[in-house]
Amino acid sequence: MHAFSYVKARTLKEATDTLLAHSEAKLLAGGMTLIPTLKARLAQPTHLIDIGGIEALKGISLKAGQLTIGAATRHVEVANSPVVKRAIPALAYLASQIGDPQVRNRGTMGGSLANNDPAADYPSAALSLNATIVTNRREIVADDFFQGLFTTALDSDEIITAVRWPVVGKSAYEKFPHPASGYAMAGAFVAHNTKGTRVAITGAGPGVFRWMEAEQALGKKMNAKALEALQLEAADLNEDMHGTKEYRANLAKVMTKRAVAKLSGK
Amino acid sequence: MDQHHHSPLFTVDGAKLSRLEDLRLITGKGRYASDWNDPQQLHACFLRADRAHANIVSINTDKALQHPGVKAIYTGADALAAGYLRSANFLTFAGKDGMKALVPDRPCLAIGKVRFVGDQVAMVVAQSHLAAQDACDLIEVVYEDLPAVIDPVAALQPGSVLIHDDIPGNSPFEAEAGNEAEVTQAIAKAAHVTKLSVDCTRVTASPMEPRAALIAYDKTTEQYTVHTPSQGVNMTRRQFAAYANNMSEDKIRVEVEDVGGGFGQRSSVYPEYVAMMIAAKALGHSIKWVSTRTESFLTDTHGRGNLITATLAMDENAQFTALRIDWITDMGAFLSPTGPVSHIRNPSTCLNGVYKIPALYGHFKVALTNTALVAAYRGAGRPDIAYAIERVVDTAALELNMNPADLRRRNYIPANEFPYKTATGSVYECADLPTLSAKALQLSDWSGFEARRLSSLAKGKLRGIGMSTVIEGTGAGMYPKDEIELSANAAGELTAHTVAHSQGQGHQTSFAMLISDAMQIPVEKIKIKQGDPARSPHIVGNHSGGSRSMVGAGTVCHLAALKLIEAAKSLAAEDLGVEPSQVSYSKGVFQAAGSRKKITLGELASKKTVSVKAEGAFSKQTFPNGSHITEVEVDPETGVSEIVSYLTVDDCGHVVSHTIVEGQVHGAVVQGLGQVFGEHIVYDKQTGQMITASFSDYVMPKAGDLKSIQVEECPTMSKLGPLGIKGVGEAGCTASLGALVNAVVNALHPYGIKHIDMPLTPAKVWATIEQAKSQR
């Protein structure tokens, strides 16, 4: 680790002011990505602004068909919340599958979305359900938010304050965890309502994406068999010692099939 | 023996525990290497090679020396000045045609050349760890890159780049066992020959405790005091002294309490430690260093790394007639103290496994590569040879269309042929393989497998069954005997000092149980002390490794207790005014015959010194053996293998604590499945950069990987010691590799798949299935 100054922000304004005052400052929420990066001396921020204690960023509420979750809400709280379990059970399930108990006890929803790790779990749910990312200055729909590998629509001094999840229809998440890291090698979040079906794939590619062919096939027939003949194009997917592009394409399909089967109760 | 299945619980500070040390360890009261501190200590940090093979053109430390807090920087020039150039090496036996091993120098800081990513180039010593780390970044090294050779087969090719100028062909050693001509002849005459090449992959031990040291120098006594993870302080002292230019062992004091995992990786004295000795003496301060996990991946010794080809010859009755083993062992860039000896001697001892094979030949070739060093790792060559044999036997069964259990049964060494002299000259002491194997087959319902396979298939899963029956030599040590010093105090408590050092094996429980049994004193009143510098130099004994501690030090705990009773009887006789022969002993009380006169052990110890030193010499090996049977379900859609049952039937002789034996078997089986399904140290073949240098890529086994395991015993008693004990610490590794791979290959056999090399990752299994499907 390199030396840095630690700032505990009490309010959102204090956090933004500090962020604006120091060009090399970084926000710290759960720290599940940032702290390992610092330990490996791969980042050298001058200041760490801890926003994990800001009350305005916490909490889970359900109002008028919208589930609102504060950005600093930890994965374990989402996984265990009766409100989330009732409104969007797949989201609670997804949260229960992130990392390990230590990660789930520290990591936050806002931190995961802002980081947009291509193998993180939350982006698939956000894109599939087209959640709204609320920041200290605007609202961004998931369709516009994710912009590829570790890139989002957020400005450098913008802070996610909450995420609004539409509560409609049914959804399911299936994930194949990376054998070492536990991140998604491929995760499929499938959401289905009267307007149609959205399939978001995480882990397999350089960023979360929608699998349009699968959505069309499921639009005609909402069952796993509808996907049988499809092949996800492997060329643009990730490849490393733990899996080829072809293996990831296969996993994305298998996870989508399993999510669809789960969603339709089969 | 029934009580072994009902191991007692001990009461420690009000808690009911199955091991005496657990409360202390799980409540953070253990004292590990990095827990030792000196208020005046300075901190070391190592600049390491960022490339696999290069000449060092220059090292400029000017800027780094200016960094605030930096006290000194050391490089290869300092290693040369101190003469700290050669680590100890225990490879003492002669090789092929009497050749001696060419042991390359390994200066404690690189001189002129770096030979693997992580090789230590310079050591910064500063007032804080952070300052030392920052200063490392300021050292400027100019390298002249050389081509790197990562693959051991490529390293042995003529014309390969040389890693050491004085080691031709990158091969420092070659050895043979058995008789090549006999084997060649038998293969030529065989009715059937099965040949299989397997990669017993390179892995790393990953103990929870990182490598660390605190090293101080005392000007007056000219002694160094060392705190570092160790498997036994005698061997650690010996290696420190050897590395430090053959300094007298008296100049090294080693003080070690708890050790958080050893596995052979903590048996070596590493170059960083002796480099720290230079700084401790020059600067007059204790020097502290704690490695990062990345450094652990890059520079702690790795394990296995053997390419093995087994050629098995059979007659028309499927009786084995000969076995040839061709073995290339990748030792990395230098020879570790334990690597070459254990990777050649251990497999030579058990070259025929559990089978009666009249002709044997093993050829072992050591290769050097631009990678981290390889050393002993839980089993150290035994799991490797057992894996090769149990895979080739299963392959032979497949080729002959025989049940693998039948083929094994036909070839097991009969019980009445023990002690059995193998064709490589070792003598297996005792075993009853047919009985042990029959017990495993029965408990696992081997014959009912087909029904289970069909019910898995109905769920879309491919079920496979695999067995592995193995034997291994354990117990022999480097020191001629094992001693235990046992003393009583006024409270009637006993303290035993031992060299054998628990790294998690539970000696504090199992050794205490032996003393408790012999002396009829509650186990909670017995303390086992290890690594005490005031005592250890006066005690001869072996480190813990090679599954030897219960065989050696454990047995001597029993002998020490008996000796203490006799010695104390004499003292009690004086006190009671009777002849020693008239004193009887029971439950901590000495009683004079025919009178009411008695004295307790505590009272006696308050008046006189009640202390003995006992010894036992165990120069021969014991031969634990066992049969493991496992079933897996493979998901053909994802390639995931799930272990659905795992049974072990082991013969480790007399069992002192079933709990401890179970713990050893559980741990070793999980370590085995780690290697089978995921663990793998991988280097980029061109650059020599390690691809798996963190737990994000190095696949550790997880608790859910083995949901249940049944541990059974089928003992035959060793006569090597009075208690009949055989070693067990490594048995689970030795048997599990073959059993698990056999089970997966069995599951995939419907696709015509005959072999897959470890690790059997989901991606690899899926790709193998897809390829097999496309070829049909």
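Worth saying up front: this structure is predicted, and the values here are computed from it rather than measured.

Overview of the overall build of chain A
Part 1: When you go through chain A residue by residue, the secondary structure sums to 11 helices and 12 strands.
Part 2: Here the C-alpha coordinates of chain A stretch approximately 55 × 45 × 30 Å along the principal axes.
Part 3: Going through the 266 residues of chain A one by one, you find that 45% of them count as buried.
Part 4: Long-range contacts, defined here as pairs at least 24 residues apart, represent 61% of the contacts in chain A between residues at least 6 apart.

Brief notes about the overall build of chain B
Part 1: Counting its regular elements, chain B contains 20 helices and 30 strands.
Part 2: Against the compact-globule benchmark of 28 Å for 776 residues, chain B has a radius of gyration of 27 Å, which places it among compact chains.
Part 3: On the principal axes, the C-alpha backbone points of chain B span a range of 85 × 75 × 55 Å.
Part 4: Within chain B, the proportion of its 776 residues that are buried is 57%.
Part 5: Residue pairs in contact within chain B that sit at least 24 positions apart in sequence constitute 81% of those at least 6 positions apart.

What about the nonpolar core?
Part 1: Within the largest apolar cluster, 315 residues are counted, with the highest numbers of intra-cluster contacts made by Ile-51 of chain A together with Ala-44, Val-124, Ile-215, Met-276 and Ala-560 of chain B.
Part 2: Once residues lying within four places of it in the same chain are set aside, the contact partners of Ile-215 of chain B are Tyr-224, Val-226, Tyr-273, Met-276, Met-277, Ala-280, Ser-286 and Ile-287 of chain B.

A closer look at the packing of helix H15 (residues 507-519) of chain B against helix H16 (residues 550-576) of chain B
All names here are of chain B.
Part 1: Remark: H15 packs on H16, axes separated minimally by 9 Å, with the N-to-C direction vectors making an angle of 30°. With respect to H16, the element H15 is oriented roughly parallel. The handedness of the crossing between H15 and H16 is right-handed. Of the residues in H16, those in contact with Ser-510, Phe-511, Leu-514, Ile-515, Ala-518 and Met-519 of H15 are Met-550, Ala-553, Gly-554, Cys-557, His-558, Ala-561, Leu-562 and Ile-565.

Details of the domain arrangement of chain A
Residues and elements named next belong to chain A.
Part 1: In terms of domain boundaries, chain A breaks down into domain 1 (5-50), domain 2 (55-166) and domain 3 (170-263).
Part 2: Summarising the inter-unit geometry, the C-alpha centres of domain 2 and domain 3 are found 20 Å apart.
Part 3: Contact residues are listed per partner, giving 21 residues for domain 2 and 23 residues for domain 3.
Part 4: Going through the elements one at a time, helix H5 (89-96) and helix H8 (122-129) are the ones with two or more residues in the side of domain 2 that touches domain 3.
Part 5: Counted by class, the side of domain 2 that touches domain 3 contains 13 nonpolar, 6 polar and 2 charged residues.

Notes on the sheet that holds strand S29 (residues 640-651) of chain B
Residue and element names in this part refer to chain B.
Part 1: Here 4 strands make up an open sheet; going across it, the order is S20-S28-S29-S30 and the pairing mixed. Strands at the two margins of the open sheet, each flanked by one partner only, are strand S20 (462-471) and strand S30 (710-713). Going across the sheet, the axis of each strand differs from the next one's by a mean of 15°, ignoring polarity.
Part 2: Looking at chain direction, S29 and S30 are connected through 4 bridges and run parallel. Each residue of the ladder has a partner; that of Val-649, found in S30, is Glu-712.

Things to note about the domain arrangement of chain B
Residue and element names in this part refer to chain B.
Part 1: Annotation of chain B at the domain level lists domain 1 (38-148 + 206-299), domain 2 (429-474 + 621-774) and domain 3 (479-616).
Part 2: The centre of domain 2, based on its C-alpha atoms, is set 39 Å off from the matching centre of domain 3.
Part 3: Across the boundary between the two partners, domain 2 contributes 16 residues, which contact 15 residues of domain 3.
Part 4: Of the residues in the side of domain 2 that touches domain 3, the class split is 6 nonpolar, 8 polar and 2 charged.

Notes on the confidence of the model for chain B
Note that predicted coordinates carrying low pLDDT should not be read in detail.
Part 1: Overall, the prediction assigns chain B a mean pLDDT of 96, with 99% of residues at 70 or greater.
Part 2: Low pLDDT, under 50, characterises residues 1-5 of chain B; the stretch is placed with 3 contacts to residues that sit more than four places away or in other chains.

Digging into the environment of Gly-262 of chain B
Part 1: Here Gly-262 of chain B lies in the loop between strand S13 (252-254) and helix H8 (271-283).
Part 2: Once you skip the residues sitting within four places of it in the chain, Gly-262 of chain B turns out to touch Pro-207, Gln-231, Ser-267, Gln-503 and Ser-544 of chain B.

Section: unusual backbone geometry
Part 1: Cis geometry is found at the peptide bond from Phe-418 of chain B to Pro-419 of chain B, where omega equals -5°.
Part 2: With respect to the helices, strands and loops of the structure, Pro-419 of chain B is situated in the loop between helix H12 (404-411) and strand S18 (420-421).
Part 3: With omega at -5°, the peptide bond leading from Met-758 of chain B into Pro-759 of chain B counts as cis.
Part 4: Take Pro-759 of chain B: it is sitting in the loop between helix H19 (731-748) and helix H20 (762-774).
Part 5: The phi dihedral of Asn-130 of chain A is positive, around 45°, even though this residue is not glycine.

Some details on the interface of chain A and chain B
Part 1: The interface of chain A with chain B comprises 13 residues on the first partner and 16 residues on the second.
Part 2: The greatest single-element share of the side of chain A that touches chain B, amounting to 4 residues, is contributed by helix H11 (residues 245-263) of chain A.
Part 3: A per-class count over the side of chain A that touches chain B returns 8 nonpolar, 5 polar and no charged.

Considering H12 of chain B
Residues and elements named next belong to chain B.
Part 1: For H12, the full list of buried residues reads Pro-404, Ala-405, Leu-407, Arg-408 and Asn-411. One face of H12 carries all of its buried residues, which in axial projection span an arc of 160°.
Part 2: Those residues of H12 that are buried lie in contact with strand S16 (320-330), helix H11 (382-400), helix H13 (433-443) and S20.

With respect to H5 of chain A
Residue and element names in this part refer to chain A.
Part 1: For H5, the tally of buried residues reaches 6 of 8 residues, placing the bulk of the element in the interior.
Part 2: Residues of H5 that are buried: Ala-90, Leu-91, Ala-92, Tyr-93, Leu-94 and Ala-95.
Part 3: Residues of H5 that are buried make contact with helix H3 (75-80), helix H4 (82-87), H8, strand S8 (160-166), strand S9 (170-177) and strand S10 (184-193).

Describing the sheet that holds strand S7 (residues 120-126) of chain B
All names here are of chain B.
Part 1: With respect to topology, 7 strands assemble into an open sheet ordered S5-S7-S3-S14-S11-S12-S13, the strand pairing being mixed. Single-partner strands in this sheet number two, and they are strand S5 (70-75) and S13. Neighbour-to-neighbour, the strand axes of the sheet open up by a mean angle of 25°, direction not taken into account.
Part 2: Note that strand S12 (residues 223-227) and S13 share 3 bridges and pair parallel. The partner of Tyr-224 across the bridge, within S13, is Ile-252.
Part 3: Each of strand S3 (42-48), S5 and S7 touches helix H4 (residues 129-138); the most contacted strand, S3, lies at about 25° to it.

Description of the packing of H11 of chain B against H19 of chain B
All names here are of chain B.
Part 1: Two elements in contact, H11 and H19, have axes whose closest approach is 8 Å; the angle formed by their N-to-C orientations is 30°. By the criterion of interaxial angle, the relationship of H11 to H19 is roughly parallel. H19 is crossed by H11, and the crossing has right-handed handedness. Where H11 approaches H19, its residues Arg-382, Pro-383, Ala-386, Tyr-387, Glu-390, Arg-391 and Asp-394 are matched on the opposing element by Cys-733, Thr-734, Ala-735, Leu-737, Gly-738, Val-741 and Asn-742.

Notes on the environment of Arg-106 of chain A
Residue and element names in this part refer to chain A.
Part 1: Along the chain, Arg-106 falls in helix H6 (residues 101-106).
Part 2: As for Arg-106 and Val-163, which are separated by 57 residues in sequence, their C-alpha atoms are 18 Å apart.
Part 3: Once you skip the residues sitting within four places of it in the chain, Arg-106 turns out to touch Gly-30, Gly-31, Met-32 and Arg-74.

A few points about the pairing of strand S17 (residues 359-367) of chain B
All names here are of chain B.
Part 1: In terms of residue burial, S17 counts as a mostly covered element, since 8 of its 9 residues are buried.
Part 2: Of the strand pairs in this sheet, strand S9 (residues 173-178) and S17 are connected by 6 bridges, and their pairing is antiparallel. The partner of Phe-173 across the bridge, within S17, is Val-366.
Part 3: Direction of pairing for S16 relative to S17: parallel, over a ladder of 9 bridges. Of the residues in S17, the one forming a bridge with Asp-326 is His-363.
Part 4: For the handedness criterion, the β-α-β arrangement of S16, helix H10 (residues 339-349) and S17 is classed as right-handed.

Quick notes on the environment of Ala-496 of chain B
Residues and elements named next belong to chain B.
Part 1: Mapped onto the elements, Ala-496 comes out in strand S22 (residues 494-498).
Part 2: For Ala-496 and Val-540, which are 44 residues apart along the polypeptide, the C-alpha to C-alpha distance reads 14 Å.
Part 3: Residues contacting Ala-496, with those up to four places away along its chain left out, are Ile-484, Leu-486, Phe-511, Ile-515, Ile-528, Lys-529, Cys-557 and Ala-560.

Calculation notes
Residues numbered from 1 in each chain as written. Chains lettered and ligands numbered in written order. Predicted model: local features only at pLDDT ≥ 70, side-chain atom pairs only at ≥ 80, totals over all residues. Helix = DSSP H or I, 4+ residues; strand = E, 2+ residues; numbered from the N terminus. Buried ≥ 20, exposed ≤ 12 C-beta atoms within 10 Å, placed from the backbone. Contact = placed C-beta atoms within 7 Å. Rg over C-alpha atoms; globule rule 2.2 N^0.38 Å. Core = buried A, V, L, I, M, F, W, Y, C linked by C-beta atoms within 7 Å. Axes fitted to C-alpha atoms, helices over the stretch in contact; angles between N-to-C directions. Parallel < 35°, antiparallel > 145°, perpendicular 65-115°, else oblique. Left-handed = near helix turned anticlockwise from the far one by under 90°. Domains from an automatic or database assignment. Nonpolar A, V, L, I, M, F, W, Y, C, P; charged D, E, K, R; others polar. Pairing = 2+ DSSP bridges. pLDDT = per-residue confidence, 0-100. Arc of directions from axis to C-beta. Right-handed = clockwise from strand over helix to strand, strands pointing away.

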